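Take a look at the letters that make up each chain.
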Amino acid sequence: MKPVGIYIHVPFCRYKCPYCDFYSVTVKEELLDRYAEETVRRLSLLDGQGISADTVYFGGGTPSLLGGKRIGRIMQAIRKNVNITDDAEITVEANPANDIADFLAGCAASGINRLSLGMQSALKKELSALGRRHSPDDVLRAMETACRFGIQNISLDLMLGIPMQTAGSLEQSLQFIEQSSPAHVSAYMLKIEENTPFHRIQYALDIADEDGLADMYEMTFSRLEKAGYAQYEISNASKPGFESRHNLKYWNCDEYIGIGPSAHGFFRGRRYYFDRSLEGYLAGAEPHDDGEGGSIEEYLMLCLRLSEGLTENGIKERYGIDIPKAMRDCASSAVMSPYCLCDGKGIRLTRKGMLISNAVICRLTKLL
Ligand code: SF4
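Counting restarts for each chain: residues are numbered from 1 in the order of the written sequence. Whole-chain, interface and lining totals are the exception, using all residues; otherwise, since this is a predicted model, local features are given only for residues with pLDDT of at least 70 and side-chain atom pairs are given and counted only at 80 or more.

**Description of the overall build of the protein chain**
No. 1: Here a strand is any run of E in DSSP of at least two residues, a helix any run of H or I of at least four, and the numbering for each starts at the N terminus. Of the regular secondary structure elements, the protein chain holds 15 helices and 17 strands.
No. 2: What the globule rule says is 2.2 Å times the number of residues to the power 0.38, and the radius of gyration is computed from C-alpha atoms. By the compact-globule yardstick of 21 Å for 368 residues, the protein chain fits well, its C-alpha radius of gyration being 21 Å.
No. 3: When its C-alpha atoms are laid out on the principal axes, the protein chain stretches across 60 × 50 × 40 Å.
No. 4: Residues counted as buried form 42% of the 368 residues belonging to the protein chain. We call a residue exposed when 12 or fewer other C-beta atoms sit within 10 Å of its C-beta, buried when the count reaches 20 or more, and partly exposed for counts in between; the C-beta positions come from the backbone.

This is how it looks when you write it as structure tokens:
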């Protein structure tokens, strides 16, 4: 069986950021212990199934709140029940606001080799507009600490469309990235999610208009490119060889086992998800089946997010067909030319197309 990915959702935060819709609850020591125990128990159910994994990802929430010992225990349980390949990419997300030295020591000792830091901006006033409690110096400190423990593969999150952000202030964040030189950058637009405090005050937020956001997006990826990062997905760029192998599994429609409240998974052909409920998870609630995964429509919607796009080789290898002619014709039409490129290799989005990716991808997938 092909190696899968493993995703562990850690549903704790010290406080809730006003724009965030990820599932998390306020951290409590006793809940951390029960969560770690229950996760170890669920991992033990994978024993004897011959599963091997070449990526592991701890996301959240704030995985760094688990501390060094608990992350070590969960990693031990993963290794006990799943064959983790020697070259596996093992990532943890961390909040630079927390003191993460003990956590990173535990991570390094248990073989975690990649760190994703929620930097968001290198300007204090933008961080405070987002309700974030870390400073740019905290980000540098976290990067230095990680490197000291031998974790050099570091990704920084950068947010576009922050209240009060301008091209000039974004330039400063990009300079910060260039100087600190992480291996990977995720640059994504702030999305106003329903049921968040930002949603309630959205009209009062001073956010750039659509054209302004498009310019910021273009500026971000052009600058990153000049600094040696290649954009390989709508929101992601990396130095050569440092693409997120775990996230590539999602976009390549490959399988992964998700564990944790609100986690999704795709395993043995089925998609599933856990409820957004820590209590349910701790009480042993089973995930819900979400139907068959890996259809050609799903594959197309995911792989068109990648800079490589939909390739003739990829679709042939997976579904035994060529890219349908109607889809090629549409992608090569004059009206679509600013948004797509179509050649012998396949179909891919231009940067302009990436900005309106949902509309372009929807139009193409209708032609299947
Ligand atoms: S943005 Fe991160 S730290 Fe803030 S509430 Fe969401 S998961 Fe927690």
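Resuming the write-up.
**With respect to helix α3 (residues 101–109)**
No. 1: Listed in full, the buried residues belonging to α3 are F103, L104, G106 and C107. Seen end-on, α3 carries its buried residues on one side only, within an arc spanning 160°.
No. 2: Contact between two residues is assigned whenever their backbone-derived C-beta positions fall within 7 Å. On its buried face, α3 sits against α2 (67–81), β5 (83–94) and α5 (136–148).
No. 3: Remark: G111 follows α3 within two positions and exhibits a positive phi of approximately 90°. Think of it as the arc spanned by the lines of direction from the helix axis to the C-beta atoms.

**Things to note about the site of the ligand**
No. 1: The rule is simple: place the C-beta atom from the backbone, and if it lies within 6 Å of a molecule or strand, the residue is near it. Surveying the vicinity of the ligand reveals the residues C13, K16, C17, C20, F22, S24, G60, G61, T62, N95 and G118.
No. 2: Residue classes follow a fixed rule: Ala, Val, Leu, Ile, Met, Phe, Trp, Tyr, Cys and Pro count as nonpolar, while Asp, Glu, Lys and Arg count as charged, and any other residue, Gly among them, counts as polar. Class assignment for the residues of the shell around the ligand results in four nonpolar, six polar and one charged.

**Things to note about the domain arrangement of the protein chain**
No. 1: Taken domain by domain, the protein chain comprises domain 1 (4–251) and domain 2 (314–365).
No. 2: Look at where the C-alpha atoms of domain 1 and domain 2 centre, and you get two points 30 Å apart.
No. 3: Facing the five residues of domain 1 at the interface are four residues of domain 2.
No. 4: Split by residue class, the side of domain 1 that touches domain 2 holds four nonpolar, no polar and one charged. Domain start and stop positions are those given by an automatic or database domain assignment.

**Some details on the nonpolar core**
No. 1: Ranked by size, the top nonpolar core spans 69 residues in total, and within it I6, V56, I78, L117 and V185 carry the most contacts.
No. 2: Not counting residues within four places of it along the chain, the set of residues in contact with I78 comprises I6, L43, V56 and I84. Each nonpolar core reported here comprises buried Ala, Val, Leu, Ile, Met, Phe, Trp, Tyr and Cys residues connected via C-beta atoms within 7 Å.

**What to know about the environment of I74**
No. 1: Topologically, I74 is positioned in helix α2.
No. 2: Assessed through the 24 C-beta atoms surrounding it within 10 Å, I74 is described here as buried.
No. 3: Taking the C-alpha atoms as reference points, I74 and I321, separated by 247 residues in sequence, lie 42 Å from one another.
No. 4: Ignoring any residue separated from it by four or fewer positions in sequence, one finds I74 in contact with I8, A36, T39 and V40.

**Considerations on the pairing of strand β14 (residues 288–292)**
When a strand is regular, its side chains alternate between the sheet's two faces.
No. 1: With zero of five residues buried, β14 is to be regarded as a mostly surface element.
No. 2: Pairing geometry for strand β13 (residues 270–273) and β14, over three bridges, is antiparallel. Counted as the bridge partner of Y273 is H288 from β14. Paired strands, in this sense, are two strands between which DSSP finds at least two bridges.

**Here we look at the packing of α2 against α3**
Helix packing for two helices is described by the angle between their axes and how far apart those axes are.
No. 1: For the pair α2 and α3, interaxial distance at closest approach is 7 Å and the crossing angle is 25°. Relative to α3, α2 is oriented roughly parallel. As for the relative orientation of α2 and α3, their crossing is right-handed in sense. On α3, the residues that touch G67, G68, K69, I71 and G72 of α2 are D102, F103, A105, G106, C107 and A109. Between the N-to-C directions of two axes lies an angle of 0 to 180 degrees, each axis being a line fitted to C-alpha atoms and, for a helix, fitted only over the stretch in contact. When an angle is under 35 degrees it counts as roughly parallel; over 145 it counts as roughly antiparallel; between 65 and 115 it counts as roughly perpendicular; any other value is oblique. Here is the rule for handedness: rotate from the far helix to the near one, and if that takes an anticlockwise turn smaller than a right angle the crossing is left-handed, while a clockwise turn gives right-handed.

**Some words on the sheet that holds strand β15 (residues 310–311)**
No. 1: A sheet is described by the order of its strands in space; here three strands give the open sequence β15-β17-β16, paired in antiparallel fashion. Each end of this open sheet is capped by a strand with a single partner; those strands are β15 and β16 (340–342).
No. 2: Here β15 pairs with strand β17 (residues 346–349) via two bridges, running antiparallel. When the bridges of β17 are listed, L310 appears paired with I347.

**A closer look at unusual backbone geometry**
No. 1: A cis amide bond links G60 with the next residue in sequence, G61, at an omega value of 15°.
No. 2: On the secondary structure map, G61 appears in the loop between β4 (52–60) and α2.
No. 3: With phi around 70°, Q120 is a residue other than glycine that occupies positive phi space.
No. 4: With respect to the secondary-structure elements, Q120 resides in strand β6 (residues 114–120).
No. 5: The residue R268 is not glycine, and still its phi comes out positive at about 50°.
No. 6: Within the secondary structure, R268 sits in the loop between β12 (264–267) and β13.

**Quick look at the packing of helix α1 (residues 29–44) against α2**
No. 1: In contact at an axis separation of 9 Å, α1 and α2 are set at 5° when each is read in the N-to-C sense. Relative to α2, the element α1 lies roughly parallel. Each of L32, A36, T39, V40, L43 and S44 in α1 lies in contact with α2, whose residues at this interface are R70, R73, I74, A77, I78 and N81.

**Digging into α2**
No. 1: For α2, built from 15 residues, the straight-helix expectation of 21 Å at 1.5 Å per residue is met to within 8% by its first-to-last C-alpha distance of 22 Å.
No. 2: By the burial criterion, the buried members of α2 are R70, I71, G72, I74, M75, A77 and I78. Take the number of residues in a helix, subtract one, and multiply by 1.5 Å to get its expected span.

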